[in-house]
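Structural characterization, general
Each chain is listed here by its residues.
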Amino acid sequence: MIDFPGVLAYGQTREEAVARVQALALRVLADKLEHGEVTHTRSRQYSPKI
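Our subject in this report is the structure included herewith. (Residues numbered from 1 in each chain as written. Predicted model: local features only at pLDDT ≥ 70, side-chain atom pairs only at ≥ 80, totals over all residues. Heavy atoms only, no water.)

Overview of helix α1 (residues 14-34)
If you check α1, its first and last C-alpha atoms are 30 Å apart, about what 21 residues at 1.5 Å a residue would give, namely 30 Å. One or two residues past the end of α1 sits Gly36, with phi positive at roughly 65 degrees. (Helix = DSSP H or I, 4+ residues; strand = E, 2+ residues; numbered from the N terminus. Expected span 1.5 Å × (residues − 1).)

Observations concerning the environment of Arg20
Relative to the assigned elements, Arg20 resides in helix α1. For Arg20, a relative accessible area of 44% translates into the label partly exposed. Along the sequence, Arg20 and Leu8 sit twelve residues apart, while their C-alpha atoms lie 9.3 Å from each other. Excluding its chain neighbours within four sequence positions, the residues that come into contact with Arg20 are Ala9, Tyr10 and Gly11. (Buried < 20%, exposed > 50% of the residue type's maximum accessible area, 1.4 Å probe, protein only. Contact = heavy atoms within 4.5 Å.)

Shape is all these values report; function is a separate question.
In structure tokens form, the structure reads like this:
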């Protein structure tokens, strides 16, 4: 989990809130990349629960 201080997202349901959080996180990361604010990358293996 990445921490974005001051960033909040809400939804009518848990699923809607999660979708909004994911979209917002992508927007924040894209903005940071565009402005050269990302100083390092960290590789993490993703293993979804099925």
